[in-house]
Amino acid sequence: MAETEPGRVCIVGAGSSGIATCQVLRARGIPFDCFEKGSGVGGNWRYMNDNGMSSAYRSLFINTSRNLMAYRSYPMPAELPDYPHHTQIARYFDEYVDHFGFRDDIRFRTEVVRVEPADGAWDVTLDDGSTTRYAVVVVANGHHWDPRYPDFPGEFVGDAIHSHHYKVPDGCQDRNVLVVGFGNSATDIACETSRVSRMTYLAVRRGAHVIPKYIKGRPVDELGSPAMSRLPMAIQRWSYKRLLKTVQGEMEDYGLPKPDHKLAEAHPTISAELLDRIGHGRVTPKPNVERLMGDRVRFVDGSEEEIDRIVYATGYRITFPFLSPDLIGDTTDNRIPLFRRVVPPDLPGLYFIGLLQPLGAIMPLAEAQSEWIADVLEGKAALPSPAQMKREIEREDRRMRKRYVRSPRHTIQVDFYPYMRQVERERRRGRRGPDPALALKSES
C-alpha cells in the first residue's frame, strides 16, 4: 500500500532543470519532494558526478554565454568569465540552491526506480522499495546520459569509448585518435586530443556550420536579441551568414564538407579552436566511417587510416528507465509527443522539464517551464484539452521536420527567444482566477 502525499509534487532529478522547478515551487509555496540519485546538485555539470550520469570532461567550458545561461531569478556573478568552466557552473548551482534555501528538500543518494499512474495520481517507487503516491510528478532526469552508439560494420581492436565516458586525453599520447561526430563535444575532444596525439581524425557524417564563440568582441549568442528573433528566419540567417563568412570563410576552405543544410536548420557546432587546429595540421577531417577493420578504419571516400583509439561523440538516446514504455511509447527515435515540450496530453499530472535542445541555454527555459506548470498547479492557468494539445503537437512536429535536418538530435530542438515567448503565451492564454478544482493546496 503506497503512502499518500495529497497535493504534493515529486521531482525526479536535481540537475539544472530539476533545481529550477524546486526553486519555483518553493517560491509559490507548493510542497514537493525532489529525489536525486547522486550526492550533489548540478547533474550533467557536476564533473565525475557519483550518479554516473554526467558527461562533463575535465576541460569543459560552457558554449553559451554566462548571461544567456543564468537563471532569471539568480544571475551569475559578474566576475565570472563570459564562458565559465564546469567547476564554476557547479558552484553556481550550489549557490543557487543555498540562496533559495531548498537543499533540505532534496533527498540525495536516492533513485526513483518506477513511476506509475494510480487512481488519478502517481505512485513513485524508490530504490529502498518504498512507494509514495503523489498528485503530480515532474520528470527532470536530463537527456545527455544514455549514450547512442553507431552501428558500423566490422570490428575494431583498439580502444573505443563514447564521449560520455571521456574525461581526459590520457591514453591518446602519440596515438592516432578518431573522433566520430561533429557536435560540440566532438570538436572539443578532437581539439584537446590533437595536442597530445600523433594525429586526430574527425569523421563527420554530414557538413555543419562551425560557429566561433566571439564575433566583434562579443559572445556570439549575445549578438541575438528578442527583437532580432522576431525577424523572418531568412533575414536572421542572412545576417549571421554574412558575419561568419567575413570572420572565417567557408567550411570547405578548411577541408570540411560543405553543409548540406542552411544555417539554423541544424544545431550549430560552436568551437573557438577547431578551424585553427585543422589549419595547424593537428586535426584531419574525414568523411563518415564505412567499415571498421581491426586496427584500421575505412571511410566512405575509400581512404583508410590506422587508428589506435576511437571516441564516439554520436549523441544520446532519450530514455526514462522509471517509466513504462506503455506510457510514453517507443522513444528509439528520440521523439516524445509533448505539448510545448512539457505536457503529455493523455497523462494528467505528469510533466517534463528541460527536455529540449535550444539554440541557447536550457536553464532559463526550464525556469520558464516551471513557472508555467506552477500556474497550472495553482489553478491560475488551464491547459488546452487533450485533443487540442495533440493537434498542436502534430503541427509542431510538421514544422520541426520542415525546418531541421532529419536526425534524432533535432527532435527536441527549439529557438531560445521564440520558445520563451511561446511559454509566456501559454501562461497568458490559460491565466484566470484560482480554480479550486485544479489547484494544489500548500500544506499549512
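Residues numbered from 1 in each chain as written. Predicted model: local features only at pLDDT ≥ 70, side-chain atom pairs only at ≥ 80, totals over all residues. Heavy atoms only, no water.

Asks: A description of the overall build of the protein chain should follow, citing residues and the corresponding values.
Replies: Along its length, the protein chain carries 10 helices and 22 strands. For the protein chain, whose C-alpha radius of gyration is 23 Å, the value lies close to the compact-globule estimate of 22 Å for 444 residues. Summarising its shape, the C-alpha atoms of the protein chain cover approximately 65 × 50 × 45 Å along the three principal directions. Relative to all contacts within the protein chain whose residues are 6 or more apart in sequence, the contacts with residues 24 or more apart total 69%. When the accessible area of the protein chain is evaluated, it comes to approximately 19,600 Å², of which 50% is carbon and sulfur surface. For the protein chain, the distance from the average site of its 61 positive side-chain charges to the average site of its 59 negative ones is 7 Å. (Helix = DSSP H or I, 4+ residues; strand = E, 2+ residues; numbered from the N terminus. Rg over C-alpha atoms; globule rule 2.2 N^0.38 Å. Contact = heavy atoms within 4.5 Å. Areas by Shrake-Rupley, 256 points an atom, 1.4 Å probe, with all protein chains shown as cover. Lys, Arg positive; Asp, Glu negative; His and termini not counted. Charge placed at Lys NZ, Arg CZ, Asp CG, Glu CD.)

Asks: Explain helix α8 (residues 363-377) to me, and be specific about the residues and the numbers.
Replies: The end-to-end C-alpha distance of α8 is 21 Å, a good match for the 21 Å that 15 residues give at a rise of 1.5 Å each. Here α8 lies mainly inside the structure; 14 of its 15 residues are buried. Of the residues trailing α8, glycine 379 is marked for its positive phi of about 80°. (Expected span 1.5 Å × (residues − 1). Buried < 20%, exposed > 50% of the residue type's maximum accessible area, 1.4 Å probe, protein only.)

Asks: So what about the environment of aspartate 375? Which residues, and what values?
Replies: Relative to the helices and strands, aspartate 375 resides in helix α8. Its relative accessible area of 4% is what places aspartate 375 among the buried residues. Sequence-wise, aspartate 375 and arginine 428 are 53 residues apart; in three dimensions their C-alpha atoms are separated by 10.0 Å.

Asks: Give a detailed account of the packing of aromatic side chains, specifying residues and quantitative values.
Replies: By the definition in use, this model includes 17 aromatic pairs. Between tyrosine 71 and tyrosine 92, the ring centres sit 6.0 Å apart and the planes meet at 20°, which makes this aromatic pair stacked. With tyrosine 71 in the loop between α2 (66-69) and α3 (86-100) and tyrosine 92 in helix α3, this pair connects stretches of sequence that are 21 residues apart. As far as burial versus exposure is concerned, tyrosine 71 and tyrosine 92 are alike and both buried. Where tyrosine 71 meets phenylalanine 93, the ring centres are 6.1 Å apart and the plane angle is 55°; that geometry is what we call tilted. (Phe/Tyr/Trp six-rings, centres within 6.5 Å; stacked < 30°, edge-to-face > 60°.)

Asks: Explain the environment of valine 179 to me, using residue names and the numbers behind them.
Replies: Within the element layout of this structure, valine 179 appears in strand β9 (residues 176-180). As for valine 179 and proline 147, which are separated by 32 residues in sequence, their C-alpha atoms are 15 Å apart. When sequence neighbours within four positions are dropped, the list of residues in contact with valine 179 reads Ala186, Ile189, Ala190, Thr200, Tyr201, Leu202, Ala203, Val311 and Ala313.

Asks: Which residues make up the sheet that holds strand β17 (residues 296-299), and what values go with them?
Replies: Across a sheet, strands are paired by hydrogen bonds formed along the backbone, either parallel or antiparallel in direction. Pairing is mixed across the open sheet formed by 4 strands, whose spatial order is β7-β16-β17-β18. Bordering the open sheet on either side are β7 (154-156) and β18 (304-306), each of which pairs with just one other strand. When the angles between neighbouring strand axes are averaged without regard to direction, this sheet yields 35°. The pairing of β7 with strand β16 (residues 289-294) spans 3 bridges and is classified as parallel. Paired with glycine 154 across the two strands is leucine 292, which belongs to β16. (Pairing = 2+ DSSP bridges. Axes fitted to C-alpha atoms, helices over the stretch in contact; angles between N-to-C directions.)

Asks: Hey, could you go over the sheet that holds strand β15 (residues 283-286) for me, with residue numbers and the actual values?
Replies: Taking strand neighbours across the sheet as the criterion, the 5 strands line up as β8-β19-β9-β10-β15 in an open arrangement whose pairing is parallel. Single-partner strands in this sheet number two, and they are β8 (159-162) and β15. Averaged over all adjacent pairs, the angle separating strand axes in this sheet is 20°, with direction ignored. In this sheet, strand β19 (residues 309-312) lies alongside β8 in parallel orientation, the contact comprising 4 bridges. From the neighbouring strand, alanine 160 faces β19, where its bridge partner is isoleucine 310.

Asks: I'd like a rundown of the side chain of glutamine 236, residues and numbers included.
Replies: Here glutamine 236 is to be found in helix α5 (residues 233-248). Judged by its relative accessible area of 12%, glutamine 236 falls in the buried class. Excluding anything up to four places from it in sequence, glutamine 236 contacts Met228, Ser229 and Leu231.

Asks: An account of the nonpolar core is requested, with residue identities and associated values reported.
Replies: One recurring pattern in soluble globular proteins is that nonpolar side chains are buried together. Grouped together as the largest cluster of nonpolar side chains are 86 residues, with contacts concentrated most on Val9, Ile19, Phe93, Val179 and Leu202. For this core, the element with the most residues is α8, which contributes 9 residues. Counting 23 residues, the second-largest nonpolar core is a separate cluster that includes Phe320, Ile336, Leu350 and Leu355. (Core = buried A, V, L, I, M, F, W, Y, C linked by side-chain atoms within 4.5 Å.)

Asks: Tell me what's going on with the pattern of salt bridges, and back it up with residues and numbers.
Replies: The tally for this structure, following the rule as stated, stands at 34 salt bridges. The closest approach of N and O atoms between arginine 317 and aspartate 146, which form a salt bridge, is 3.0 Å. Highlighted residues: arginine 317 in the loop between β19 and α7 (325-328) and aspartate 146 in the loop between β6 (131-139) and β7, separated in sequence by 171 residues. We note a salt bridge from lysine 380 to glutamate 378, for which the minimum N-O separation is 3.1 Å. By relative accessible area, which is 36% here, lysine 380 ends up partly exposed. (Salt bridge = Lys/Arg side-chain N within 4 Å of Asp/Glu carboxyl O.)

Asks: Can you break down the packing of helix α1 (residues 16-28) against α8 residue by residue, with the values?
Replies: In contact at an axis separation of 8 Å, α1 and α8 are set at 40° when each is read in the N-to-C sense. On the basis of their axis angle, the class for α1 and α8 is oblique. Read as a crossing pair, α1 and α8 show a hand that is right-handed. Across the interface between the two elements, Ser16, Ser17, Ala20, Thr21, Gln23, Val24, Leu25 and Arg28 from α1 touch Met363, Ala366, Glu367, Ser370, Glu371, Ala374, Asp375 and Leu377 from α8. Considering only residue class, the contact of α1 with α8 consists of 7 nonpolar, 5 polar and 4 charged. (Parallel < 35°, antiparallel > 145°, perpendicular 65-115°, else oblique. Left-handed = near helix turned anticlockwise from the far one by under 90°. Nonpolar A, V, L, I, M, F, W, Y, C, P; charged D, E, K, R; others polar.)

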